[in-house]
Each structure stands twice: as structure tokens, then as C-alpha cells.
Amino acid sequence: DSPGQTQMHRQKILQQLAAYRHRYPLETDTVDRFVAFVEQQPRCFERDNWAGHVTGSAWLLNPARTHLLLTHHRKLNIWIQLGGHSDGDPDTEAVAWREAREESGLPVHLLSSQILDIDIHEIPARKEDPAHFHFDVRYCFVAEHPDFVVSAESNELSWVAIDRLETHTNEISIMRMREKWLAGVAS
């Protein structure tokens, strides 16, 4: 890619991050770190970029919007939201949608093209992969029905009541997404 092409394929995420910064001024430091990464890493959407890579995740609700679908992630051995690697796709919204469908087997639809949350977290070294960072972009989705299928990436999936997420996880970023959801930012 030429510098112009590289910048062009990052334009959507940079615009979404600017809007996110405006909505969540208390998260400016995280947004600034995310923006700097996207601007400075020509291969920011590639999973073999070991400085880190952009990922997409889904806050996936049941049709009644009372429960969140969590995965007990096979590699990380924790309960988290559905999501995964961009694999070169700069459209993080499309990545999150694809991952939600692939990991749950559910037809899903996007509730808002606004970013619900961003998170930067370290992924531990595993086999030949060194430790690296995921620059994760999260969006709200609703499943058309509750009958999920567990994919090979998960040990288990579970619909968890939004007001009882602590029964499965204490991940700070999931609790932060719950606060945003309950505040009505994406409903």
C-alpha cells in the first residue's frame, strides 16, 4: 500500500475513534493510544503484526435484550464477549459482525454503528505467538433468536443476565460495557 492507500483504509476507524473520544472524554488516554497505534502501524489489521493488532468484538444481546452471550474462550480460558481478529479487514464493525455470527451460529443485527467500547489488552504468549496487544473495538448486536451453536473457539457459550454478569466474569471492560449499555448509550 502507498501511504495514501494505507491512510484511506484506516479512515473509518479513525473517524469512529474521534466520535468515541467526543462521547467518552474520560477515556481520552486510551483513545489517543489507539489512534497512535492505528496511525503508526501500517499493518495494524493483520494478526501477525506482533506490536499488536486491531480486533472486533460483539456485545451480543438476546432478542429481549436482557442477556449477554458470553464465550468461555478456549485459548484464554476466561469468559468474555465474542470477537476476533480483523485478518486484514479495516472495517471493525464488519469484523465484529462476522465474529458474532461465526462464534455463535446466530443471525445477528447491528444496533448501532457507534462504537460501544474500546479496550487495549495484552494477550499472553502461546505456542509460536509472542505476547502482543489487542486493540479491540466493540459494537452492540442483537441475536434474532437465542439458539446458539458452540464453535471450535469456545469451550462453552452462555446467555448471562446483564445484571448478573459477575456470575461468569469480573473482566473490567465487560463491566464497563454493561455500564454504558445500562446508561442507554447504544439502545
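Residues numbered from 1 in each chain as written. Predicted model: local features only at pLDDT ≥ 70, side-chain atom pairs only at ≥ 80, totals over all residues. Heavy atoms only, no water.

A. Geometry of the pattern of salt bridges. Enumeration over the complete set of coordinates arrives at 15 salt bridges. For R176, the salt bridge goes to D117, with nearest N and O atoms at 2.7 Å. One end of the pair, R176, is in helix α4 (residues 172–182); the other, D117, is in strand β5 (residues 117–123), and 59 residues separate them in sequence. Relative accessible area serves as the criterion here: at 22%, R176 is assigned to the partly exposed category. A residue is classified by how much of its surface remains accessible, and D117, at 0% relative accessible area, is buried. (Salt bridge = Lys/Arg side-chain N within 4 Å of Asp/Glu carboxyl O. Helix = DSSP H or I, 4+ residues; strand = E, 2+ residues; numbered from the N terminus. Buried < 20%, exposed > 50% of the residue type's maximum accessible area, 1.4 Å probe, protein only.)

B. Here's a closer look at the packing of aromatic side chains. A full pass over the atoms with the stated rule returns three aromatic pairs. With a centroid separation of 4.7 Å and 50° between ring planes, the pair formed by Y20 and Y24 is classed as tilted. This pair shows no difference in class: Y20 is buried, exactly as Y24 is. Here the aromatic rings of F37 and F135 are separated by 3.8 Å at their centres, their planes lie at 5°, and the arrangement is stacked. Taken together, the positions of F37 in helix α2 (residues 28–40) and F135 in strand β6 (residues 132–143) put the pair 98 residues apart, joining distant regions of the chain. Taken together, the ring pairs connect F34, F37 and F135 into an aromatic cluster. The residue whose ring lies beneath R33 is F133, and the NZ or CZ to ring-centre distance is 5.0 Å. The lysine or arginine in question, R101, covers the ring of W97, its NZ or CZ lying 4.0 Å from the ring centre. (Phe/Tyr/Trp six-rings, centres within 6.5 Å; stacked < 30°, edge-to-face > 60°. Lys NZ or Arg CZ within 6 Å of the ring centre and 35° of its normal.)

C. Main features of the nonpolar core. Grouped together as the largest cluster of nonpolar side chains are 31 residues, with contacts concentrated most on I13, L17, F34, V38, V54, L60 and I115. Counting residues in hydrophobic clusters, the runner-up holds 16 residues, among them W59, C140, M175 and M177. (Core = buried A, V, L, I, M, F, W, Y, C linked by side-chain atoms within 4.5 Å.)

D. The arrangement of helix α3 (residues 92–104) in detail. For α3, spanning 13 residues, the distance from its first C-alpha to its last is 18 Å, which sits close to the expected 18 Å at 1.5 Å a residue. Those residues of α3 that fall on the buried side of the exposure criterion are T92, E93, V95, A96, E99, A100, E103 and S104. The buried residues of α3 occupy one face: seen down the axis, they fall within an arc of 160°. Looking at the residues trailing α3, positive phi occurs at G105, about 70°. (Expected span 1.5 Å × (residues − 1). Arc of directions from axis to C-beta.)

From the geometry alone we can't say anything about function, so treat these as descriptive.
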